[in-house]
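Descriptive structure summary
Okay, here's what each chain looks like letter by letter:
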Amino acid sequence: MFSEDSAAEGALLIKSIILYSSSSLAFHIICDQAAQDYLQKRLALLKHPQHDILVRFYRIPHEHMVARIEREGALHTDHSAGVPGLMKLFIHEILPPTVERAIFIDTDAFFISDPAQLWDRFDALPPGVAISMPSHPDQYEPEWHHANRICSCIMLLDLARLRDLRLMDSLHYRDDPHGARVPALAPPAFEAMYGTPVPDGGSARVKYADVKLGDQGYWWAIVSHRPELFEHLSYDWEVSSCLMDMYNVGLGDDAVDEETEARYQVHTDDTPEAGRAVLPKMLHFNCLDGVARYYEWPGWSDPDNGLAQRWLPALRFHLGYKWIWLNQPLSNASLTVETLLDVKFADELFAESRSAT
């Protein structure tokens with residue numbers, strides 16, 4: 001989260017996780033000062049959580065993010081998320097080795113069910129799988145290299161596995177003089193999809209050409225090149241307003257059966273979810289353009305808008321649910337908040353360890 005606006009969205013996501021969770025929680029938030037300040041004001045209202053909660057803020061200056069991208073060698077983005085958006089490719093480097101698994105979720109989403117069910121999906125992943133996210137093989141967009149066939153908006157990441165594979169490259173790895181260098185996984189994947197890096201304008205840098213959708217374009221190259229590392233994640237966890245139109249699922253008849261529900265769905269034919277009713281567990285309101293915070297989108301006030309008709313009540317409930325209502329006065333659980341300043345990437349720690357030997 002790298003602005004107060006992203007933190008405002010993220011606060012709603014965090015609130016929903018705390019509201020529905022049946023187990024202890026650990027939030028690892030990569031952010032700037034403005035985002036942390038906003039979130040801490042909300043967290044300060046939580047005096048008696050139902051379960052133990054750890055919130056750890058990872059503060060990374062913008063110039064350090066830029067430097068990490070430059071050490072990779074050819075990453076480039078024209079996506080609105082900018083440099084912070086590319087940090088999704090480096091989560092395994094930012095979080096410490098003690099964090100072996102993590103779920104990444106875009107800020108413009110919130111849960112409507114127990115997030116522990118999603119965490120349990122890790123135990124169901126086949127051996128060797130390191131990345132699980134929704135896939136949409138029915139999507140077709142050659143100009144994007146079909147990067148819309150996945151959504152990096154929600155990802156189950158086996159960070160330990162990604163570290164072992166050395167997911168991303170670095171100048172520090174390439175310059176390793178000790179003969180212990182492990183080739184990074186990503187460069188062959190990027191070149192297989194986007195070709196050899198080309199000059200980046202008039203600068204001395206090079207870049208992979210025609211990468212669209214920011215980090216998602218790079219994730220698409222990785223999972224396309226190494227499909228054994230990938231597992232589809234159910235649409236239940238990605239009921240998305242962007243391209244998918246929420247699969248035409250929404251609030252309504254509470255007595256509908258699954259067979260009837262499935263008949264009215266869209267964008268599920270020719271996908272892993274074909275013939276099955278999508279059972280929403282998390283809502284993702286992306287591509288609501290023109291506003292900094294998705295819940296301020298003008299379409300919510302349009303009585304003829306299909307998205308608003310199906311989901312506005314859910315948005316209003318979760319947006320208006322007060323942080324103080326999360327308190328459980330008889331609970332002995334605690335909230336712990338930590339801040340790590342000037343966090344170093346794993347490639348920097350690698351270089352430091354080599355120079356010390």
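Right, let's walk through the structure included here.

The rules behind the values
- Residues numbered from 1 in each chain as written.
- Predicted model: local features only at pLDDT ≥ 70, side-chain atom pairs only at ≥ 80, totals over all residues.
- Heavy atoms only, no water.
- 1 Å grid on protein atoms, 1.4 Å probe; cavity = no way out; pocket = protein on both sides within 12 Å on 5 of 7 lines; lining within 4 Å.
- Points joined across faces, edges and corners; volume = space filled by probe spheres on them.
- Disulfide = S-S within 2.5 Å.
- Buried < 20%, exposed > 50% of the residue type's maximum accessible area, 1.4 Å probe, protein only.
- Helix = DSSP H or I, 4+ residues; strand = E, 2+ residues; numbered from the N terminus.
- Patch = residues over 30% accessible without salt bridge, like charges linked within 9 Å, V, L, I, M, F, W, Y side chains within 5 Å.
- Areas by Shrake-Rupley, 256 points an atom, 1.4 Å probe, with all protein chains shown as cover.
- Salt bridge = Lys/Arg side-chain N within 4 Å of Asp/Glu carboxyl O.
- Pairing = 2+ DSSP bridges.
- Axes fitted to C-alpha atoms, helices over the stretch in contact; angles between N-to-C directions.
- Contact = heavy atoms within 4.5 Å.

**What to know about empty space enclosed by the protein**
One pass over the full model with this rule turns up one cavity of 30 Å³ or more. Volume-wise, the largest cavity comes out at about 30 Å³.

**Examining the state of the cysteines**
This structure, assessed with the given rule, holds two disulfides. Sulfur-sulfur distance for the disulfide between Cys151 and Cys153 comes to 2.1 Å. Between Cys151 and Cys153, the disulfide has an S-S torsion of 140° and is therefore right-handed. As far as burial versus exposure is concerned, Cys151 and Cys153 are alike and both buried. Disulfide pairing places Cys242 opposite Cys287 at an S-S distance of 1.8 Å. Because the sign of the S-S torsion sets the handedness, a value of about -60° for the bond joining Cys242 and Cys287 places this disulfide among the left-handed ones. Placement of Cys242 in the loop between strand 10 (239–240) and helix 12 (258–263) and of Cys287 in the loop between strand 11 (282–284) and helix 13 (306–320) is noted, with a sequence separation of 45 residues between them.

**With respect to a nonpolar patch on the surface**
On the surface, Leu45, Ile324 and Trp325 cluster together into a nonpolar patch covering about 300 Å² of accessible area. Positionally, Trp325 belongs in the loop between helix 13 and strand 12 (335–340). When its relative accessible area of 45% is taken as the criterion, Trp325 is described as partly exposed.

**A word on the sheet that holds strand 5 (residues 131–133)**
Either a parallel or an antiparallel arrangement is found when strands of a sheet pair, and the pairing is made through backbone hydrogen bonds. What the four strands build is an open sheet, ordered 3-6-5-9; its pairing is mixed. The open sheet has two edge strands with one neighbour each: strand 3 (101–105) and strand 9 (230–232). Averaged over all pairs of adjacent strands, the angle between strand axes in this sheet comes to 20°, irrespective of strand direction. In terms of strand pairing, strand 5 meets strand 6 (residues 154–158) through two bridges, oriented antiparallel. Among the inter-strand pairings, Ser132 is bridged to a residue of strand 6, identified as Leu156. Lying on the sheet, helix 11 (residues 215–225) is in contact with strand 5, strand 6 and strand 9; it crosses strand 5 at an angle near 120°.

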